[in-house]
Amino acid sequence: MKHSRRFSGESRPNALSLARATSGRPLLDLTVSNPTQAGIPYPEDLLAALADPRALRYQPSAMGLQPAREAVAAYYASLGAEVHPDQILLTASTSEAYHYLFKLLADPGDEVLIPRPSYPLFEFLAGLELLETVPYPLHAPDPWNLASTRTRALIAVHPNNPTGDFLIRPDRLAERCAALGIALIADEVFLDYPLTPAQPPTLAALDAFVLSGLSKICGLPQMKLGWLVMPRSLPAAMRERLELIADTYLSVSAPVQWAAVSWLARRVELQAPILARLRRNSAYLVEAFADSGMVYQPPQAGWTAVLKLPSTTDEEVLALRLIQVYGVLLQPGYFYDFSGDPRVVLSLLTPPEDLAAGVNALKDALSH
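What you are looking at is a predicted structure, and each value in this text was computed from that prediction instead of being measured.

K.L.:
Quick rundown of the overall build of the protein? Include the residues and the values.
P.N.:
Across its full length, the protein holds eleven helices and 13 strands. A total of 368 residues make up the protein; the buried ones form 51% of that total. Sequence separation of 24 or more characterises 73% of the internal contacts of the protein that already satisfy a separation of 6 or more. When the accessible area of the protein is evaluated, it comes to approximately 17,300 Å², of which 53% is carbon and sulfur surface. The positive charge centre, built from 30 side chains, and the negative charge centre, built from 37, are 2 Å apart in the protein.

Here's what the structure looks like:
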């Protein structure tokens, strides 16, 4: 029996996965990206919203329940963007939103432009739709120049994961993509977590598909609710096709849609302890690496820290040694397609005491 071309290669554990599996002891995890496992406090009454009796009634809706879409529209209004509830389509996750858009926009063999460095997900999502990915440098002033006759979309992550950089001229990017007939897909899941005073605007007011969800906005990845915002300029025929795709799956549960109305209204309360953790840890890293051979440039936003290592360091050898000798887990930069100087990547969500212990281990490993 043959498998689909969607699975083009063998899935084998890498050296770090093997080292982690055979370490024989609990590891100090500096990669934790799940706030529900990072010691973040949540209100005791938060789950009460899941008991809404209206969820007992099955009301299938391809776009999602109206009250939930209105709550998402209100979220964008708080960011200064006018988004009509009819522009919003609810999904079970942003990954599902990507699949819907790939099905809508592209045929097998078509191309999607993706940023580099970035989170290692887009190649897999595109591959499951038999699409090709073409990387563009994160700070390229004109990434659309890499487009070909087969290019159907450009993905922009705002702010980027893992670098935390915001797009500099999203309006120009949207204009150029529209002029070339390329869809702009803007992933804004970390938009609500600025670590600097600047708060760039959402792209929801531009000619772009904008993706986000409860996973980051409310720190609730287990609740599985995301969405995509359709551009106002989307032709009616394409909107109907997108609605048909969603209607085929009807993947979002009623309880989480009703609960989202309450949770989105409480998002500032839910974000506060996460933001406090991110800012505390980022400030600690600035101080910890002030007089070392490593360079830490605080990100503009997001949950991730990138450390630039001395140029002679082998990042994978270092990461393996940290697991095997120190019992510390972090990620080498090549996981995110960094090029040039060696780097390691860790999570700013890490409990502060774990972060301090891990940083001490990292310094010791580099000095011996």
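K.L.:
I'd like a rundown of the side chain of serine 347, residues and numbers included.
P.N.:
Structurally, serine 347 can be placed in strand β13 (residues 343–347). The buried category is assigned to serine 347, whose relative accessible area is 5%.

K.L.:
So, unusual backbone geometry: which residues are in play, and what are the values?
P.N.:
Here histidine 158 and proline 159 are connected by a cis peptide whose omega angle stands at 5°. Residue proline 162 follows asparagine 161 across a cis peptide bond; omega there is 25°. Positionally, proline 162 belongs in the loop between β5 (151–157) and α5 (170–180). If you check the backbone angles, leucine 130 has positive phi at about 60° while not being a glycine. Here leucine 130 lies in the loop between α4 (122–127) and β4 (132–137).

K.L.:
With reference to specific residues and values, describe the nonpolar core.
P.N.:
The biggest cluster of nonpolar side chains holds 46 residues, and the ones touching the most others in it are Tyr76, Leu154, Leu184, Leu214, Trp227 and Trp263. With six residues, the top contributor of residues to this core is helix α2 (residues 66–78). Core analysis: the second largest hydrophobic core is formed by 39 residues, Leu195, Tyr296, Leu329 and Val344 among them.

K.L.:
So, the packing of helix α9 (residues 267–288) against helix α11 (residues 352–367): which residues are in play, and what are the values?
P.N.:
The interhelical angle for the contact between α9 and α11, taken along N-to-C directions, is 25°, at an axis separation of 11 Å. The angle between the axes of α9 and α11 places the two elements in the roughly parallel class. For the pair α9 and α11, the sense of crossing is right-handed. Facing α9, whose interface residues are Arg277, Arg280, Asn281, Tyr284, Leu285 and Ala288, α11 presents Pro352, Leu355, Ala356, Val359 and Lys363.

K.L.:
So what's going on with the pairing of β4? Residues and values would help.
P.N.:
Summarising the sheet, strand β3 (residues 111–116) and β4 pair through six bridges and their orientation is parallel. Looking at β4, one finds that arginine 116 is bridged to proline 137. In this view, the connection linking β3 to its parallel neighbour β4 by way of α4 has right-handed handedness.

K.L.:
Any details on the sheet that holds strand β8 (residues 226–229)? Residues and values, ideally.
P.N.:
Taken in spatial order, the seven strands line up as β2-β8-β7-β6-β5-β3-β4 in an open sheet, and their pairing is mixed. Two strands bound the open sheet, and with one partner strand each, they are β2 (88–91) and β4. The mean inter-strand angle of the sheet, taken between neighbouring strand axes irrespective of direction, is 25°. Along the sheet, helix α3 (residues 94–105) contacts β2, β3, β5, β6 (183–187), β7 (209–213) and β8; its crossing angle with β7, the most-contacted strand, is approximately 160°.

Calculation criteria
- Residues numbered from 1 in each chain as written.
- Predicted model: local features only at pLDDT ≥ 70, side-chain atom pairs only at ≥ 80, totals over all residues.
- Heavy atoms only, no water.
- Helix = DSSP H or I, 4+ residues; strand = E, 2+ residues; numbered from the N terminus.
- Buried < 20%, exposed > 50% of the residue type's maximum accessible area, 1.4 Å probe, protein only.
- Contact = heavy atoms within 4.5 Å.
- Areas by Shrake-Rupley, 256 points an atom, 1.4 Å probe, with all protein chains shown as cover.
- Lys, Arg positive; Asp, Glu negative; His and termini not counted.
- Charge placed at Lys NZ, Arg CZ, Asp CG, Glu CD.
- Core = buried A, V, L, I, M, F, W, Y, C linked by side-chain atoms within 4.5 Å.
- Axes fitted to C-alpha atoms, helices over the stretch in contact; angles between N-to-C directions.
- Parallel < 35°, antiparallel > 145°, perpendicular 65-115°, else oblique.
- Left-handed = near helix turned anticlockwise from the far one by under 90°.
- Pairing = 2+ DSSP bridges.
- Right-handed = clockwise from strand over helix to strand, strands pointing away.

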